[in-house]
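Structure assessment
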Amino acid sequence: MIRDITIGQYLPGNSVLHRLDARMKAVLTFFFIIVIFLCKNFWSLGLMIAFTLLFTAISKVPLRMMLKSLKPIFVILIFTAVLNIFYTDGGRELFGFWKLSVTDKGLYTAGFMVIRIICLITGSSLLTYTTTPTLLTDAIERLLSPLKVFKIQVNTLAMMMTLALRFIPTLIEETDRIMNAQKARGADLESGGFIKRAKALIPILIPLFVSAFRRAYELAFAMECRCYRGGEGRTRMKQMKLKARDLGAAFLVAALFCGVFFLNYRFKALI
Amino acid sequence: MNENIIEFNNVSFAYDSEIVNAPAVVKNVTLSIKRGSFVAVLGHNGSGKSTLAKLCNAILVPQTGKVTVNGMDTADNGLTFDIRRTVGMVFQNPDNQIVATVVEDDVAFGPENLGVEPKEIRRRVDEALKSVGMYDYRLFEPHKLSGGQKQRVAIAGITAMQTECIVLDEPTAMLDPRGRLEVMETVKRLNRELGITVVFITHFMNEATQADRVLVMDDGGIILDGTPKEVFSHKEIIIDAGLDLPAAAEFSDMLISDGFNLPDGILTAEECIEAIYAEAKKRGVC
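These remarks concern the structure in this document. Keep in mind it's a predicted model, so treat the numbers as computed, not measured. (Residues numbered from 1 in each chain as written. Chains lettered and ligands numbered in written order. Predicted model: local features only at pLDDT ≥ 70, side-chain atom pairs only at ≥ 80, totals over all residues. Heavy atoms only, no water.)

On to the overall build of chain A. Per the secondary structure count, chain A includes eleven helices and two strands. Counting helices and strands in the order they occur from the N terminus, chain A gives α-α-α-α-α-β-β-α-α-α-α-α-α. Taken against the 2.2 N^0.38 rule, which gives 18 Å for 271 residues, the C-alpha radius of gyration of chain A at 24 Å runs more than 25% over that of a compact globule. Taken along its principal axes, the extent of the C-alpha atoms in chain A is 65 × 55 × 40 Å. Summing over all exposed atoms, chain A offers an accessible surface of approximately 16300 Å²; the carbon and sulfur share of this is 70%. Positive and negative side-chain charges in chain A, numbering 35 and 16 respectively, have mean positions lying 5 Å apart. (Helix = DSSP H or I, 4+ residues; strand = E, 2+ residues; numbered from the N terminus. Rg over C-alpha atoms; globule rule 2.2 N^0.38 Å. Areas by Shrake-Rupley, 256 points an atom, 1.4 Å probe, with all protein chains shown as cover. Lys, Arg positive; Asp, Glu negative; His and termini not counted. Charge placed at Lys NZ, Arg CZ, Asp CG, Glu CD.)

Bringing the overall build of chain B into the picture now. Helix and strand content of chain B: eleven helices and ten strands. Across its three principal directions, the C-alpha atoms of chain B cover 65 × 55 × 35 Å. Expressed as a percentage of its 286 residues, the buried residues of chain B come to 55%. Counting only carbon and sulfur atoms, one obtains 50% of the accessible surface of chain B, whose full area is about 12500 Å². (Buried < 20%, exposed > 50% of the residue type's maximum accessible area, 1.4 Å probe, protein only.)

Many authors give the size of an interface as the accessible area that is lost as the parts come together. Tallying the contact residues gives 39 residues for chain B and 31 residues for chain A. For the pair chain B and chain A, the summed buried area comes to about 3300 Å², and 54% of that belongs to carbon and sulfur atoms. Ranking the residues of chain B by area buried against chain A places Asn-96, Glu-112 and His-143 of chain B at the top, with a combined share of 21%. Applying the counting rule to chain B against chain A returns seven salt bridges. (Contact = heavy atoms within 4.5 Å. Buried area = accessible area lost by both parts, 1.4 Å probe. Salt bridge = Lys/Arg side-chain N within 4 Å of Asp/Glu carboxyl O.)

Bringing the packing of aromatic side chains into the picture now. A full pass over the atoms with the stated rule returns twelve aromatic pairs over all chains. Measuring from ring centre to ring centre gives 5.8 Å for Phe-42 of chain A and Tyr-108 of chain A, while their planes differ by 65°; the resulting arrangement is edge-to-face. Of the two residues, Phe-42 of chain A is situated in helix H3 (residues 42-59) and Tyr-108 of chain A in helix H6 (residues 104-130); the sequence distance between them amounts to 66 residues. Look at Phe-38 of chain B and Phe-200 of chain B: their rings are 6.1 Å apart centre to centre, the planes differ by 45°, and that puts the pair in the tilted class. Here Phe-38 of chain B is found in strand E3 (residues 38-42), whereas its partner Phe-200 of chain B is found in strand E8 (residues 197-202), with 162 residues between them in sequence. Phe-200 of chain B gets classed as buried once you look at its relative accessible area, which sits at 0%. Among the aromatic residues, ring-to-ring pairing joins Phe-30, Phe-31, Phe-257 and Phe-261 of chain A into one connected group. Lying across the ring of Phe-204 of chain B, Arg-180 of chain B places its NZ or CZ 4.1 Å from the centre. (Phe/Tyr/Trp six-rings, centres within 6.5 Å; stacked < 30°, edge-to-face > 60°. Lys NZ or Arg CZ within 6 Å of the ring centre and 35° of its normal.)

The full count for this structure, using the stated rule, is three cavities of 30 Å³ or more. The computed volume of the largest cavity comes to approximately 260 Å³. Surrounding the largest cavity, 19 residues form its lining, Asp-138, Thr-162, Arg-234 and Arg-236 of chain A together with Glu-112 of chain B being those nearest its centre. Where the lining of the largest cavity is concerned, the elements lending two or more residues are helix H7 (133-144) and helix H8 (154-184) of chain A together with helix H3 (103-114) of chain B. (1 Å grid on protein atoms, 1.4 Å probe; cavity = no way out; pocket = protein on both sides within 12 Å on 5 of 7 lines; lining within 4 Å. Points joined across faces, edges and corners; volume = space filled by probe spheres on them.)

So, about the packing of H3 of chain A against H6 of chain A. All names here are of chain A. At a minimum axis separation of 10 Å, H3 and H6 run at an interaxial angle of 25°. With respect to H6, the element H3 is oriented roughly parallel. The crossing of H3 and H6 is left-handed. Residue-level inspection shows Phe-42, Leu-45, Met-48, Ile-49, Thr-52, Phe-55, Thr-56 and Ser-59 of H3 in contact with H6, the latter providing Tyr-108, Phe-112, Ile-115, Arg-116, Cys-119, Thr-122, Leu-126 and Thr-130. (Axes fitted to C-alpha atoms, helices over the stretch in contact; angles between N-to-C directions. Parallel < 35°, antiparallel > 145°, perpendicular 65-115°, else oblique. Left-handed = near helix turned anticlockwise from the far one by under 90°.)

Let's shift gears to helix H4 (residues 63-70) of chain A. Within an α-helix, residues lying three or four positions from one another point in the same direction, as the helix has 3.6 residues per turn. All names here are of chain A. Among the residues of H4, those classed as buried are Met-65, Met-66, Ser-69 and Leu-70. The buried residues of H4 occupy one face: seen down the axis, they fall within an arc of 145°. Exposed positions of H4 whose direction lies more than 90 degrees from the buried face are Arg-64, Leu-67 and Lys-68. If you follow the buried residues of H4, they end up packed against H3, helix H5 (74-87) and H6. (Arc of directions from axis to C-beta.)

Residues and elements named next belong to chain B. Within strand E9 (residues 213-218), five of the six residues are buried, which leaves the element mostly enclosed by the surrounding structure. The pairing of E3 with E9 spans four bridges and is classified as parallel. Note that in E9 the partner of Val-41 across the bridge is Leu-215. Examined bridge by bridge, E9 and strand E10 (residues 221-226) share five bridges and lie antiparallel to one another. Within E10, the residue paired with Met-217 across the bridge is Ile-222. The turn joining E9 and E10, which pair antiparallel and follow one another in sequence, is formed by two residues; a positive phi near 50° is taken by Asp-219. (Pairing = 2+ DSSP bridges.)

Turning next to the layout of surface pockets. A probe matching the size of a water molecule, rolled over the atoms, marks out where space remains unfilled. When its volume is computed, the largest pocket comes out at roughly 900 Å³. Surrounding the largest pocket, 31 residues form its lining, Tyr-10, Thr-132, Thr-134, Leu-135 and Lys-238 of chain A being those nearest its centre. Taken together, the elements giving at least two residues each to the lining of the largest pocket come down to helix H1 (16-19), H7 and helix H11 (244-266) of chain A together with H3 of chain B. For the lining of the largest pocket, the leading source of residues is H7 of chain A, giving five residues. Across the lining of the largest pocket, the residue classes break down as twelve nonpolar, six polar and 13 charged. Considering only enclosed or pocket space, the second largest pocket measures out at about 480 Å³ in volume. (Nonpolar A, V, L, I, M, F, W, Y, C, P; charged D, E, K, R; others polar.)

Applying the stated criterion across every chain yields a total of 30 salt bridges over all chains. The residue Arg-152 of chain B makes a salt bridge to Glu-182 of chain B at a minimum N-O spacing of 2.7 Å. Here the residue Arg-152 of chain B occupies a position in helix H5 (residues 147-159), and Glu-182 of chain B occupies one in helix H6 (residues 177-194), the gap between them amounting to 30 residues. Here the two residues Arg-152 of chain B and Glu-182 of chain B agree in accessibility, since each one is buried. A salt bridge links Glu-182 of chain B to Arg-178 of chain B; the nearest nitrogen and oxygen atoms lie 3.9 Å apart. Separated by four residues within a single helix, Glu-182 of chain B and Arg-178 of chain B lie in helix H6, roughly one turn from each other. Residue classification places Arg-178 of chain B among the exposed residues on the basis of a relative accessible area of 64%. One continuous salt-bridge network, built from bridges that share partners, spans Asp-138, Glu-141, Arg-142, Arg-234 and Arg-236 of chain A together with Glu-112 of chain B.

What follows concerns a positive patch on the surface. Residues Arg-19, Lys-60, Lys-241, Lys-243 and Arg-245 of chain A together with Lys-119 of chain B make up a contiguous surface patch of positive charge. Looking at the secondary structure, you find Lys-243 of chain A in the loop between helix H10 (202-225) and H11. (Patch = residues over 30% accessible without salt bridge, like charges linked within 9 Å, V, L, I, M, F, W, Y side chains within 5 Å.)

In structure tokens form, the structure reads like this:
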């Protein structure tokens, strides 16, 4: 069972969103997030919601999965809503008690914020749902490559990310093995209070760390044997090329940008 | 060009060279490995065979003596890169030498480091994966493969660099019998069809019998060197070195001492079966 783990939250698929160039997707997601924060009234926010739903539909990611990605931020959503309801100044008071008052503006702002965060999470989840971690790493490497000017070793960073991704399943398997070995020697991992259970983890973590270092050492040898010398002089097998659909996606996001600007000026700002 | 690809000239090596009189793990070894040959190195644990392997491509540099690869001295730091693109190395644990999260990306790692053109890398990767029989798995994640398959991917990662020689340091030690067979067949085919020189370090006698030449190491030195038939005829020396005879050889010896008329020097199961069949026919049993 443990062999089936998937890293990140990539959902295999063949939608247009899956096939888009990973670099383009990363950049567009970035702009998408900016646009979310430019929305000033419910008209432009409505357009934002429409686009979010449109992209979700195109990606063919099941709605259930989308809701799952929103679950961890549920508490944050509630917190944001409550704070905004009580701490927004101005507006017509609807009802009040003790020192707190609820205004119509407070309610608007709270709803606005919550929808913004939902759009934000949905938009960025779409990126990780439709792009493999490997492609994402490649994309980040290529997008950050101008930083070489500042002597930042982007290649090395990307290699570190790739290796981390590569060794997650290996180390999970190893942890499983060590846990079984310690259980076989009578280690009790499940009972006792928090402190006791935390202490019981020590005989698992120490061998895991030792083995991780040994692996790193061997891996370094193996990489050197395959002529790895860092980023200089390195070529890549997989070249990334922008296709028509990538330009189409860029056009779509640009249209969203313009639409939001237009609606912001056409109608009065709410917040 | 020299007909020997790797040459050891009176090489000694000790770990912890700061300690005076640290025990040498490899002692006064002089050795040459012919281009295109398939050499098996045998020895029990601690006999120095892994150290010998690491001396071949400048992972370790000898304290005394000289190792040369195609005439390049491994002690010369400037040549390390060229030495490693000539002699590739496959290690025991396949998990610790696979770099990428997708099989084909891992095979591409070597050629990418060499700065090969992207299109040429693609061609080499496909070719290397086909030559080890892993082409159908090119888009798999390495952790979903079996040990034997992972080891074949690691071998493809070296052949894609088009090295002239592959040193395999106990590549079968962590594999099940089936994985061992897969790796052995792959290595034999690479040697036969592509003419790649193979140095195969192992402690499985049956694997050594399939090489052109067998070296037996004990206590840092080479105690036997020759064809499998020659080497395994020195039964006492082999047993003294802490090794076993190949199962087929042992079995045929037992039959001979029981009075069966079998030829000397049987090493593989096939030879043994044939000899027994011939003997049985002669006796009229079948």
